[in-house]
Amino acid sequence: MSQNFFKSTRKIIGAGVNYKEILRATNGAKPENPVIFFKPISSLISSNDEDTIKVPKVFGAINYEAELGVVIGKRCKNVAPDQAMSYVAGYCLALDMTGMDFILDARPKGLPWCLGKGFDTSTPVSRLIHPEELEDPTNVRVWCKVNEQMKQDDSTSNLIFSIPELIAFSSKYMTLEENDLILTGTPAGAGPVKHGDVVECGLGDIVQMKFHIKDEE
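Description of the structure in this document. All values reported here derive from a predicted model rather than from experimental measurement.

### Looking at the packing of aromatic side chains
Logical step 1: Taken as a whole and assessed by the stated rule, the structure comprises 3 aromatic pairs.
Logical step 2: Here the aromatic rings of Phe59 and Phe119 are separated by 5.8 Å at their centres, their planes lie at 65 degrees, and the arrangement is edge-to-face. Here Phe59 is found in the loop between β4 (52-55) and β5 (62-64), whereas its partner Phe119 is found in the loop between α3 (114-117) and β8 (123-125), with 60 residues between them in sequence.
Logical step 3: Under the relative-accessibility criterion, Phe119 is labelled buried at 8%.
Logical step 4: An angle of 55 degrees between the planes, with centres 5.2 Å apart, marks the rings of Phe169 and Tyr173 as tilted. Residue Phe169 and its partner Tyr173 are located together in helix α4 (residues 163-173), separated by 4 residues, close to a single helical turn.
Logical step 5: The exposure class assigned to Phe169 is buried, which follows from its relative accessible area of 13%.
Logical step 6: Its relative accessible area of 59% is what places Tyr173 among the exposed residues.
Logical step 7: Over the aromatic face of Phe161 sits the side chain of Lys30, whose NZ or CZ is 5.3 Å from the ring centroid.
Logical step 8: Here Lys74 stacks its cationic end above the ring of Tyr87, 5.2 Å away from the centre of that ring.

Shown next as structure tokens:
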């Protein structure tokens, strides 16, 4: 599979509120099922050829959310959790940039999140990480710095819904296809960035990304 897997990605599936620390910090109850949302393909950019994340004119600021991404390797539907990992081609580091003011307004009204999640440059991704590089995706450090200050630092061992559970749940509702991307959720500590800020993130010491935040022209 190409390192530029994202060029043939057809779906981006995100999981919201999927780290235990977020529930502890908010005193929230564990969701009965994964909280799933979608991002358009036009939001994808690569860390290889783009170093700018643009803040849309409709948002005053956007939130950074560092995540482990899971890349689907072959077509599947109604996958059992104990078979789910056989459909994983690899992984990536991802940022799920979010117009949080929009989300906070939409959430209590029960409205979709898509406009807060789907703007151009809102899904930067790293190169493909092959499974042999990431021997234990259930326990990999996810971290994010803003202007060199650590903001997020947690392990995928603290996911509420595991990678197999996310694949199995999503595949009940839709066919997953080769190069589809599942974002597994972001640790506690996500917050706003604006024009002039610099966001750095990583999966342990396996892969890192660095982006400059600029206002949309």
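### Quick look at the sheet that holds β4
Logical step 1: The strand order β4-β14-β13-β9-β10 describes an open sheet built from 5 strands, whose pairing is mixed. Each having just a single partner strand, β4 and β10 (149-155) make up the two edges of the open sheet. Strand after strand, the sheet turns through a mean of 20 degrees between neighbouring axes, direction not considered.
Logical step 2: Examined bridge by bridge, strand β9 (residues 141-146) and strand β13 (residues 198-203) share 5 bridges and lie antiparallel to one another. Paired with Cys144 across the bridge in β13 is Cys201.

### Describing the nonpolar core
Logical step 1: One finds Leu95, Met97 and Ile167 to be the most contacted residues of the largest nonpolar core, which totals 46 residues.
Logical step 2: Membership of the second largest hydrophobic core comes to 11 residues, among which are Ile12, Leu44, Val125 and Leu183.

### Some remarks on the layout of surface pockets
Logical step 1: There is about 360 Å³ of room inside the largest pocket.
Logical step 2: Looking at the lining of the largest pocket, the elements that each hand over two or more residues are β1 (12-16), α1 (20-26) and α2 (100-109).
Logical step 3: In terms of residue count, the dominant contributor to the lining of the largest pocket is α2 (3 residues).
Logical step 4: Classifying every residue of the lining of the largest pocket gives 10 nonpolar, 8 polar and 4 charged.

### Focus: the pattern of salt bridges
Logical step 1: Applying the stated criterion across every chain, the model contains 11 salt bridges.
Logical step 2: Taking the shortest distance from any N to any O, the salt bridge between Glu177 and Arg10 comes out at 3.0 Å. Of the two residues, Glu177 is situated in the loop between α4 and β11 (181-183) and Arg10 in the segment before β1; the sequence distance between them amounts to 167 residues.
Logical step 3: Taking relative accessible area as the criterion, Glu177 reaches 16% and is therefore assigned buried.
Logical step 4: Overall, Arg10 belongs to the exposed group, its relative accessible area being 58%.
Logical step 5: Across the salt bridge formed by Glu177 and Lys11, the nearest N and O atoms sit 3.1 Å from each other. One end of the pair, Glu177, is in the loop between α4 and β11; the other, Lys11, is in the segment before β1, with 166 residues separating them in the sequence.

Parameters at a glance
Residues numbered from 1 in each chain as written. Predicted model: local features only at pLDDT ≥ 70, side-chain atom pairs only at ≥ 80, totals over all residues. Heavy atoms only, no water. Phe/Tyr/Trp six-rings, centres within 6.5 Å; stacked < 30°, edge-to-face > 60°. Helix = DSSP H or I, 4+ residues; strand = E, 2+ residues; numbered from the N terminus. Buried < 20%, exposed > 50% of the residue type's maximum accessible area, 1.4 Å probe, protein only. Lys NZ or Arg CZ within 6 Å of the ring centre and 35° of its normal. Pairing = 2+ DSSP bridges. Axes fitted to C-alpha atoms, helices over the stretch in contact; angles between N-to-C directions. Core = buried A, V, L, I, M, F, W, Y, C linked by side-chain atoms within 4.5 Å. 1 Å grid on protein atoms, 1.4 Å probe; cavity = no way out; pocket = protein on both sides within 12 Å on 5 of 7 lines; lining within 4 Å. Points joined across faces, edges and corners; volume = space filled by probe spheres on them. Nonpolar A, V, L, I, M, F, W, Y, C, P; charged D, E, K, R; others polar. Salt bridge = Lys/Arg side-chain N within 4 Å of Asp/Glu carboxyl O.

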